[in-house]
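Chain residues, written in single-letter form:
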Amino acid sequence: LFKASGEEIFIGSGAVGLLGFSGIDLNSDGAITFVGGIRETKDAQDNFVYSQSTLYTGDADLRMKAAKVTGTYLMYQKKDDGSYVPLVDGSQYPEQGEIDEILYEPLDFLVDSGNGTISVTQGLVGSDPGKSMGGRLTFQGKTIENSGTIDLDSGIIHFKALEGIRMEPGAKVLAQGK
């Protein structure tokens, strides 16, 4: 069993695999935030290729408990040598005039539990995990159970389940747009 707890949990862009565990528990006093997602690279023929970020659990059940589950973009700042370094997290805005050039990686994140169950339960009531920019956040597994809050300030929340999706009383799925 893999367990992670914290005031905030950020799961970064790229391919994240938590394989070989019987289950995965993520517990946050604030938000569980999936960051970034669309990566632009070049293939062998020098064509641009875009890929979606993924948290893959194999077939382990993924249990998330938080004030909300959300996602946000990732920003990179240009260094003097021309390379780019990610800012601390996607919710950080640089001060005006502080950075000459930034790159923006929009949210496009797949949370995939294979043949496992994804469950979201409500964490601390009254905690304020803050605002985040939207994008696309997809949950995919055998079953999906929600009794918590999944919230993007704008964007698309997509559920793909092999056997069923269950929304319990009090569950919230918000992609309001502003």
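Residues numbered from 1 in each chain as written. Predicted model: local features only at pLDDT ≥ 70, side-chain atom pairs only at ≥ 80, totals over all residues. Heavy atoms only, no water.

1. Overview of the pairing of strand E11 (residues 74–78)
Link 1 in the chain: Pairing between E11 and strand E13 (residues 102–105): four bridges, direction antiparallel. Within E13, the residue paired with tyrosine 76 across the bridge is leucine 103.
Link 2 in the chain: When E11 meets strand E12 (residues 84–86), the two strands line up antiparallel, connected through three bridges. The residue bridging tyrosine 76 from the neighbouring strand is proline 86, located in E12.
Link 3 in the chain: Taking the residues that link successive antiparallel strands as the turn, the E11-E12 hairpin has five residues, and the phi of glycine 82 there is positive, at about 90°. (Pairing = 2+ DSSP bridges. Helix = DSSP H or I, 4+ residues; strand = E, 2+ residues; numbered from the N terminus.)

2. Some points on the pattern of salt bridges
Link 1 in the chain: Counted according to the given criterion, the structure contains six salt bridges.
Link 2 in the chain: Between glutamate 168 and arginine 166 there is a salt bridge whose closest N-O contact spans 3.0 Å.
Link 3 in the chain: Accessibility expressed as a relative area gives 31% for glutamate 168, which makes it partly exposed.
Link 4 in the chain: Connected through salt bridges with shared partners, the residues Glu145, Arg166 and Glu168 form a single ionic network. (Salt bridge = Lys/Arg side-chain N within 4 Å of Asp/Glu carboxyl O. Buried < 20%, exposed > 50% of the residue type's maximum accessible area, 1.4 Å probe, protein only.)

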